[in-house]
Amino acid sequence: MDLNPTAVENYANPKTCFFHVVFKAGALAFYILSALFVSSFVIIFVVTVLLAALDFWVVKNVSGRILVGLRWWNEINDLGESVWKFESLDQESLARMNKKDSWLFWWSLYLTAALWIVFAIFSIIRLQADYLLVIGVCLTLSIANIVGFTKCRKDAKQKIQQFATQTIANRFSSTLQSAFSVV
């Protein structure tokens, strides 16, 4: 019997965690290593943005739902206004979410954006405006997920607070009603 479990065994969804990280790492690694092996800016742009777009889709539609129980999207209503929509698991299900999965989700989300910002600073210092375009697209996709999931998390907390307040108020009013109906 193995008394030292591997790190993968501590994650509730190791495959989802893997794919949550692999596209982020792929986009970052390709961007860094492409300067050594690829001379065409077009190829660097297309492949890096494609990997970042795959990361955006996986995070928004798969890993966000599985790892932290949150989902968001944006719609345009009949008046032409942008409306954010949020979904989250119920309070009981959110409480059962794996802490390591959640930690990996949030830290990798913020760390990826921070690394793109560092790359942007280096591109500015090296006066490489064309690479700022690649970084700008990748950073925009990362920040869109950060904003979406942060708003979704706040919306979920607000719904939980409203539910708790409503439950307490209902219990209090039913207690008062039963107390006065006895008299």
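Residue numbers restart at each chain and count upward from 1, following the sequence in its written direction. pLDDT decides what is reported in this predicted model: residues at 70 or higher carry local features, side-chain atom pairs at 80 or more are listed and counted, and totals for whole chains, interfaces and linings draw on all residues regardless. Heavy atoms throughout the structure, all of them, feed into the side-chain values; hydrogens and water do not.

Observations concerning the packing of helix 1 (residues 14-37) against helix 2 (residues 41-67)
Then, number 1: Here an angle of 0 to 180 degrees is reported between the N-to-C directions of two axes, which are lines fitted to C-alpha atoms, with helices fitted over the stretch in contact. Only DSSP runs of H or I with at least four residues qualify as helices, and only runs of E with at least two residues qualify as strands; both kinds are numbered from the N terminus onward. Close contact between helix 1 and helix 2 brings their axes to 8 Å; oriented N to C, the two are set at 165°. As the angle between them shows, helix 1 and helix 2 are arranged roughly antiparallel. Every pair of crossing elements has a handedness; the one defined by helix 1 and helix 2 is left-handed.
Then, number 2: Charged means Asp, Glu, Lys or Arg here, nonpolar means Ala, Val, Leu, Ile, Met, Phe, Trp, Tyr, Cys or Pro, and polar covers whatever is left, Gly included. Looking at side-chain class alone, the contact of helix 1 with helix 2 contains 16 nonpolar, six polar and two charged residues. Throughout this description, any angle smaller than 35 degrees is read as roughly parallel, any larger than 145 degrees as roughly antiparallel, any in the 65 to 115 degree range as roughly perpendicular, and the remainder as oblique. By the definition used in this description, the sense in which the near helix is turned from the far one sets the handedness, with an anticlockwise turn below a right angle giving left-handed and a clockwise turn giving right-handed.

Here's the deal with unusual backbone geometry
Then, number 1: The phi torsion at L127 lies on the positive side, around 55°, for a residue other than glycine.
Then, number 2: Inspection of the secondary structure puts L127 in the loop between helix 4 (99-125) and helix 5 (129-182).

Focus on the packing of helix 2 against helix 4
Then, number 1: Where helix 2 meets helix 4, the axes come as close as 11 Å, and the angle between the chain directions of the two elements is 155°. Here helix 4 runs roughly antiparallel to helix 2, going by the angle between their axes. The chirality of how helix 2 crosses helix 4 is left-handed. Residue-level contacts link T48, V59, S63, G64 and L67 of helix 2 to D101, S102, F105, L109 and W116 of helix 4. Whether two residues are in contact is decided by their heavy atoms, any of which lying within 4.5 Å being enough.

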